[in-house]
Amino acid sequence: TLFVIGLNAVWIAIDVEWNDAQTLSEADVVFQFAEHSFCAFFFVEWVVRFMAFRAKIDGLRDAWFVFDSMMMGMMLLETWVMSLF
């Protein structure tokens, strides 16, 4: 996971420099594939962490999980929801 986070940071720098598209749907296929891949990886990671809680409500007591949930929600909105419009 730490490697993918680092790779995502490097990809963000590449995206900022070379992607001139205003929206993800207008971007080249390489940029779209990378964004969807990172989003899918982090979503699967979030689901695994969520399923690890014996009582799902305990996820609200874990500050790091709450933070990751907010980050995941923003990433889902940006990558999969806003690209529909």
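> Describe helix α2 (residues 29-51), listing the residues and the values that go with them.
Within an α-helix, residues lying three or four positions from one another point in the same direction, as the helix has 3.6 residues per turn. For α2, spanning 23 residues, the distance from its first C-alpha to its last is 32 Å, which sits close to the expected 33 Å at 1.5 Å a residue. Regarding α2, the residues found buried are Phe31, Ala34, Glu35, Phe38, Cys39 and Phe42. On the buried face of α2, the contacting elements are α1 (2-18) and α3 (63-81).

> Could you give an account of the packing of aromatic side chains, with specific residues and numbers?
Per the stated rule, a full pass over the model turns up nine aromatic pairs. Ring centres of Phe50 and Phe65 lie 6.2 Å apart, and the angle between their planes is 20°; on these two criteria the pair is classed as stacked. With Phe50 in helix α2 and Phe65 in helix α3, this residue pair connects regions lying 15 residues apart in the sequence. Among the residues examined, Phe65 registers a relative accessible area of 4% and is labelled buried. These aromatic residues form a ring-pair network of at least three members: Phe43, Trp46, Phe50, Phe53, Phe65 and Trp80. The ring centre of Phe50 lies 5.7 Å from the NZ or CZ of Lys56, which sits over that ring.

> Before we move on, can you summarise the side chain of Asn8 with the specific residues and values?
Mapped onto the secondary structure, Asn8 falls in helix α1. You can call Asn8 buried: its relative accessible area is 14%. Residues within four places of Asn8 in sequence aside, it is in contact with Phe38 and Phe42.

Thresholds applied
Residues numbered from 1 in each chain as written. Predicted model: local features only at pLDDT ≥ 70, side-chain atom pairs only at ≥ 80, totals over all residues. Heavy atoms only, no water. Helix = DSSP H or I, 4+ residues; strand = E, 2+ residues; numbered from the N terminus. Expected span 1.5 Å × (residues − 1). Buried < 20%, exposed > 50% of the residue type's maximum accessible area, 1.4 Å probe, protein only. Contact = heavy atoms within 4.5 Å. Phe/Tyr/Trp six-rings, centres within 6.5 Å; stacked < 30°, edge-to-face > 60°. Lys NZ or Arg CZ within 6 Å of the ring centre and 35° of its normal.

Read these as geometric descriptors, not functional statements.
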